[in-house]
Amino acid sequence: MKLATWNINSLKVRLPQVLDWLAANPVDALCLQELKLADDKFPLDEFTRMGYHAVWAGQKTYNGVAILSREPGSAMVRNIPGMDDPQQRLLAVTLPAPGGDVRVICAYCPNGQSLDSDKYVYKLDWFRQLRDWLAEELKAYPRLALLGDYNVAPADEDVHNPAKWVGQVLVSEPERAAFRALLDLGLTDSFRQFDQPEKSFSWWDYRQFAFRRNAGLRIDHILLSEPLAQRCVACVIDKAPRSNEQPSDHTPVVATLELG
């Protein structure tokens, strides 16, 4: 079973790239973030023709998430239950898989803007509520995968120039603590289960030739519960789409699981 995540930074703009990527990488589930389109604008027919089912939570101009899957999902949850939040940032579905169902959660975590911003306070609260809900989800779904754009680089090795980023969002200690709190639930950062090349990143700013200089951050992650982490045989960052014409500033991350 292959699970992937990709912040595509506008599905309207990047739809041909997503379709091309899926044709070349027929994963079992692809979690998309930053759709930036309303629910009624979601291009379901395009994915149906490729053999994918889809659930989505759209929002005009900002945010928005979707899960594309080979098999239809069930028990869908839209947004963190109990959190009064108009921003469309989370979807969860249960997918059939060898050896038992897999709970797939797609998350677009808040950016936070700056350490002195109300958006930063919102970000930390969002992570707290996500953690509390996940604690209950894991009781019901021991085989769980949380994929998405976390907007957190967990460690300095995930930052191209840690000294340059001191005092900024994405790397602050409270944000990293929020990420570790998810790991403390029993989740594993699948990418770090394996030896990886140094300077492995999933996001590069559009400015200052950041991708060409590999001046990026690793902020897109696939966290796996213990039963899935034990079955994970690979996790890679696919940098190729970042070289596309008019690319997203993010690129896909793909985990491969041997289930049974």
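Here the structure is a predicted model, which is why all the values come from computation and not from measurement.

Engineer: If you had to explain the UniProt feature "binding site: Mg(2+)" (unreviewed entry) in the protein to someone new, which residues and values would you point to?
Structural biologist: Here, UniProt's "binding site: Mg(2+)" (unreviewed entry) annotation points to N7, E34, D149, N151, D249 and H250. A compact arrangement is adopted by the annotated residues: their sequence extent is 244 residues, whereas the largest C-alpha distance between any two is 12.7 Å. Within the element layout of this structure, N7 appears in strand β1 (residues 2–7). The class for N7 is buried, based on a relative accessible area of 0%. The contacts of N7, once residues within four sequence positions are left out, are Q33, E34, Y108, D149, D220, S248 and H250. Tracing the chain through its elements places H250 in the loop between β13 (232–237) and β14 (253–257). The exposure class of H250 is buried, given its relative accessible area of 3%.

Engineer: An account of the side chain of T94 is needed here, citing residue identities and associated values.
Structural biologist: By the element assignment, T94 lies in strand β6 (residues 90–95). Classification of T94 as buried rests on a relative accessible area of 4%. Polar side-chain contacts of T94 include one of 2.9 Å to the side chain of R103. Not counting chain neighbours up to four residues away, the residues in contact with T94 comprise P72, G73, S74, A75, D101, V102, R103 and Y141.

Engineer: Can you lay out the sheet that holds strand β8 (residues 144–149) for me, pointing to particular residues and giving the numbers?
Structural biologist: Pairing is mixed in the open sheet, where six strands are placed in the order β5-β6-β7-β8-β12-β9. What marks the edges here is a single partner per strand, and that holds for β5 (74–78) and β9 (188–189). Sheet topology note: the β8/strand β12 (residues 220–224) ladder contains five bridges and is antiparallel. Of the residues in β12, the one forming a bridge with D149 is D220. The sheet contacts of helix α5 (residues 173–183) involve β8, β9 and β12, and relative to β12 the element is tilted by about 25°.

Engineer: With reference to specific residues and values, describe helix α1 (residues 11–24).
Structural biologist: An ideal rise of 1.5 Å per residue puts 20 Å on 14 residues; α1 measures up with 18 Å between its terminal C-alpha atoms. Where α1 bends most, the angle comes to about 30°, and this point is Q17. Turning to α1, its buried residues are L11, R14, L15, Q17, V18, L19, W21 and L22. Turning to α1, the residues buried within the fold contact β1, β2 (29–33), α2 (44–49), β4 (65–69) and β14.

Engineer: Describe the sheet that holds β13, listing the residues and the values that go with them.
Structural biologist: Ordered by their spatial adjacency, six strands build an open sheet running β3-β4-β2-β1-β14-β13, and the pairing between neighbours is mixed. Edge positions in the open sheet fall to β3 (53–57) and β13, since each of these has one partner strand only. In this sheet, adjacent strand axes meet at a mean angle of 10° when their direction is disregarded. The sheet contact formed by β1 and β14 spans four bridges and is antiparallel. Each residue of the ladder has a partner; that of T5, found in β14, is V253.

Engineer: I'd like to hear about the UniProt feature "site: Transition state stabilizer" (unreviewed entry) in the protein, residue by residue, with values.
Structural biologist: When the UniProt feature table is mapped to this numbering, "site: Transition state stabilizer" (unreviewed entry) covers N151. Looking at the secondary structure, you find N151 in the loop between β8 and α4 (162–165). For N151, a relative accessible area of 4% puts it in the buried group. In this view, N151 contacts Y108, C109, P110, N111, K123, L170, E175 and I219; residues no more than four positions away in its chain are not counted.

Engineer: Provide a residue-level description of the pairing of β4, including the pertinent values.
Structural biologist: In terms of burial, β4 is largely enclosed, as five of its five residues are buried. Residues V65, I67 and S69 line one face of β4 and the alternating positions A66 and L68 line the opposite face, and both faces are buried. In terms of strand pairing, β2 meets β4 through five bridges, oriented antiparallel. Bridge pairing in β4 places C31 opposite I67. In this structure, β3 lies alongside β4, joined through five bridges in antiparallel fashion. Bridge pairing links A54 to L68 in β4.

Engineer: I'd like a rundown of the nonpolar core, residues and numbers included.
Structural biologist: L3, I67, V104, L147, L224, L228 and L257 are the most contacted members of the largest nonpolar core, which has 28 residues in total. Among the elements that line this core, the one with the most residues is strand β7 (residues 102–108), at four residues. When residues no more than four places from it in sequence are discounted, the contact partners of I67 are L30, C31, H53, A54, V55, L91, A92, V93, V104 and C106.

The rules behind each value
- Residues numbered from 1 in each chain as written.
- Predicted model: local features only at pLDDT ≥ 70, side-chain atom pairs only at ≥ 80, totals over all residues.
- Heavy atoms only, no water.
- UniProt positions renumbered as here; feature names shortened; annotations may be inferred.
- Helix = DSSP H or I, 4+ residues; strand = E, 2+ residues; numbered from the N terminus.
- Buried < 20%, exposed > 50% of the residue type's maximum accessible area, 1.4 Å probe, protein only.
- Contact = heavy atoms within 4.5 Å.
- Polar contact = N/O pair within 3.5 Å; in protein donor to acceptor, adjacent residues only side chain to side chain.
- Pairing = 2+ DSSP bridges.
- Axes fitted to C-alpha atoms, helices over the stretch in contact; angles between N-to-C directions.
- Expected span 1.5 Å × (residues − 1).
- Bend = angle between axes of the 7 residues up to and from the residue.
- Core = buried A, V, L, I, M, F, W, Y, C linked by side-chain atoms within 4.5 Å.

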